[in-house]
Amino acid sequence: GDSVTQTEGPVTVSESESLIINCTYSATSIAYPNLFWYVRYPGEGLQLLLKVITAGQKGSSRGFEATYNKETTSFHLQKASVQESDSAVYYCALGDLGSSGSWQLIFGSGTQLTVMP
Amino acid sequence: GGIITQTPKFLIGQEGQKLTLKCQQNFNHDTMYWYRQDSGKGLRLIYYSITENDLQKGDLSEGYDASREKKSSFSLTVTSAQKNEMAVFLCASSPGTANTEVFFGKGTRLTVV
């Protein structure tokens, strides 16, 4: 079945440093799945950070970027300069149509990020 | 905008007990989901429903029942709570079509004593 593998946490970086959280995927149902990054800030629910539905395209939000690379089956999350408010748990996810034809997400295990002031 | 409301936020049960978690959404979404989140693991799909009265099993459905009696609500029942059930259960909804965002509730934390 489909799977998503991402950087194991916890990850700790200092404010203004750069960040990369790796994500690779395996999709058996469809050739080009949709790819997502979700984030859970402390005390809040899981929410969409960014998504890319076309291979080769880049998504961006709140200073984060991720490029859909079908050759390496990767969707790494990057930010040039992190802030303390970026401390959260980040989940990479793959979207495809399940056996019933309905849309569903397959999640990675999540990466806890702590940004030190 | 809409919201997904999960009740209760915290649920404490005894081993062997039958426990029910509830979820309401006001997005008017067709598809609803129940995920389980264990520490250090990703979200794993328990059940989902593509319309009222529909149920589809996810990878983790054994030991659970679900019910979608109305479009806006989706409940999950732990049929016999076990100590290793301690986890956060997340309800979600989406329009159900490809490429669309899935919206999540804040979760119910289950503790089995």
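Let me sum up the structure you'll find in this document. Computed from a prediction, not measured in an experiment: that's the story for all the values here.

1. A closer look at the overall build of chain A
When helices and strands are tallied, chain A shows 0 helices and 12 strands. Ordered by position from the N terminus, the helices and strands of chain A form the series β-β-β-β-β-β-β-β-β-β-β-β. Relative to its length of 117 residues, chain A is compact, with a C-alpha radius of gyration of 14 Å against a globular reference of 13 Å. Viewed in the frame of its principal axes, chain A has a C-alpha envelope of about 45 × 30 × 20 Å. Here chain A, with 117 residues, has 48% of them falling under the buried criterion. Contacts in chain A between residues far apart in sequence, at least 24 positions, make up 55% of those at least 6 positions apart. For chain A, the separation between the mean place of its 6 positive charges and that of its 10 negative charges on side chains is 7 Å.

2. Description of the packing of aromatic side chains
What characterises a pair of aromatic rings is the spacing of the ring centres plus the angle enclosed by the ring planes. Taken as a whole, this structure holds 13 aromatic pairs over all chains when the rule is applied. Among the aromatic residues, those joined into a cluster by ring pairs are Phe36, Tyr38, Tyr91 and Phe107 of chain A together with Tyr33, Tyr35, Tyr48 and Phe104 of chain B.

3. Side note on the sheet that holds strand S3 (residues 19-25) of chain B
All names here are of chain B. Pairing in this open sheet of 4 strands is antiparallel, and the strands run S1-S3-S8-S7 from one edge to the other. Of all the strands in the sheet, the pair left with one neighbour each is strand S1 (4-7) and strand S7 (64-70). Averaged over all neighbouring strand pairs, the angle between strand axes comes to 20°, with direction disregarded. Sheet analysis places S7 next to strand S8 (residues 73-78), joined by 5 bridges and oriented antiparallel. Across the sheet, residue Tyr64 finds its bridge partner in S8, namely Val78.

4. Description of the nonpolar core
Leu19, Trp37, Leu49, Leu50, Phe75, Leu77 and Tyr90 of chain A are the most contacted members of the largest nonpolar core, which totals 27 residues. Among the secondary structure elements, those contributing two or more residues to this core are strand S2 (11-14), strand S3 (19-21), strand S4 (23-26), strand S5 (34-40), strand S6 (47-52), strand S8 (64-67), strand S10 (88-97) and strand S12 (111-116) of chain A. Counting residues per element, this core draws most heavily on S10 of chain A, which supplies 4 residues. What Leu50 of chain A contacts, discounting residues up to four positions off in sequence, is Leu35, Phe36, Trp37, Gly59, Ser60, Ser61, Phe64, Glu65, Ala66, Phe75 and Leu77 of chain A. Membership of the second largest hydrophobic core comes to 21 residues, among which are Leu11, Met32, Cys91 and Leu110 of chain B.

5. Some remarks on the pattern of salt bridges
Side chains carrying opposite charge are able to pair once their charged atoms draw close together. All names here are of chain B. One pass over the full model with this rule turns up 6 salt bridges over all chains. Arg44 is the partner of Asp38 in a salt bridge, and the nearest nitrogen-oxygen pair spans 2.7 Å. Its relative accessible area of 28% is what places Arg44 among the partly exposed residues. Salt bridges sharing common partners tie together Arg36, Asp38 and Arg44.

6. Remarks on the interface of chain A and chain B
If you look at the interface, chain A gives 19 residues, while chain B gives 23 residues. Here chain A packs against chain B, burying approximately 1,700 Å² in sum over the two surfaces, 53% of which is carbon and sulfur. Where chain A touches chain B, the interface holds 0 salt bridges. Where chain A meets chain B, there are 4 residue pairs in polar contact (both at pLDDT 80 or more).

7. Some remarks on the sheet that holds strand S7 (residues 58-61) of chain A
All names here are of chain A. Here 4 strands make up an open sheet; going across it, the order is S3-S9-S8-S7 and the pairing antiparallel. The sheet terminates laterally at S3 and S7, the two strands that pair on one side only. The sheet shows a mean angle of 20° between the axes of neighbouring strands, taken without regard to direction. With 4 bridges joining them, S7 and S8 adopt antiparallel strand pairing. Among the inter-strand pairings, Ser61 is bridged to a residue of S8, identified as Phe64.

8. Considerations on the environment of Gln78 of chain A
Residue and element names in this part refer to chain A. Tracing the sequence through the fold places Gln78 in strand S9 (residues 77-79). On the basis of relative accessibility, which here comes to 42%, the residue Gln78 falls in the partly exposed class. Between the alpha carbons of Gln78 and Ser18 there is a distance of 7.6 Å; along the sequence they are 60 residues apart. Aside from chain neighbours lying at most four places away, what touches Gln78 is Leu19, Ile20, Gly63, Phe64 and Glu65.

9. A short note on the environment of Asn84 of chain B
Residue and element names in this part refer to chain B. Note on placement: Asn84 falls in the loop between S8 and strand S9 (87-94). Residue classification places Asn84 among the exposed residues on the basis of a relative accessible area of 58%. Asn84 sits 46 residues away from Asp38 along the chain, and the two C-alpha atoms are 9.7 Å apart.

Criteria and cut-off values
Residues numbered from 1 in each chain as written. Chains lettered and ligands numbered in written order. Predicted model: local features only at pLDDT ≥ 70, side-chain atom pairs only at ≥ 80, totals over all residues. Heavy atoms only, no water. Helix = DSSP H or I, 4+ residues; strand = E, 2+ residues; numbered from the N terminus. Rg over C-alpha atoms; globule rule 2.2 N^0.38 Å. Buried < 20%, exposed > 50% of the residue type's maximum accessible area, 1.4 Å probe, protein only. Contact = heavy atoms within 4.5 Å. Lys, Arg positive; Asp, Glu negative; His and termini not counted. Charge placed at Lys NZ, Arg CZ, Asp CG, Glu CD. Phe/Tyr/Trp six-rings, centres within 6.5 Å; stacked < 30°, edge-to-face > 60°. Pairing = 2+ DSSP bridges. Axes fitted to C-alpha atoms, helices over the stretch in contact; angles between N-to-C directions. Core = buried A, V, L, I, M, F, W, Y, C linked by side-chain atoms within 4.5 Å. Salt bridge = Lys/Arg side-chain N within 4 Å of Asp/Glu carboxyl O. Buried area = accessible area lost by both parts, 1.4 Å probe. Polar contact = N/O pair within 3.5 Å; in protein donor to acceptor, adjacent residues only side chain to side chain.

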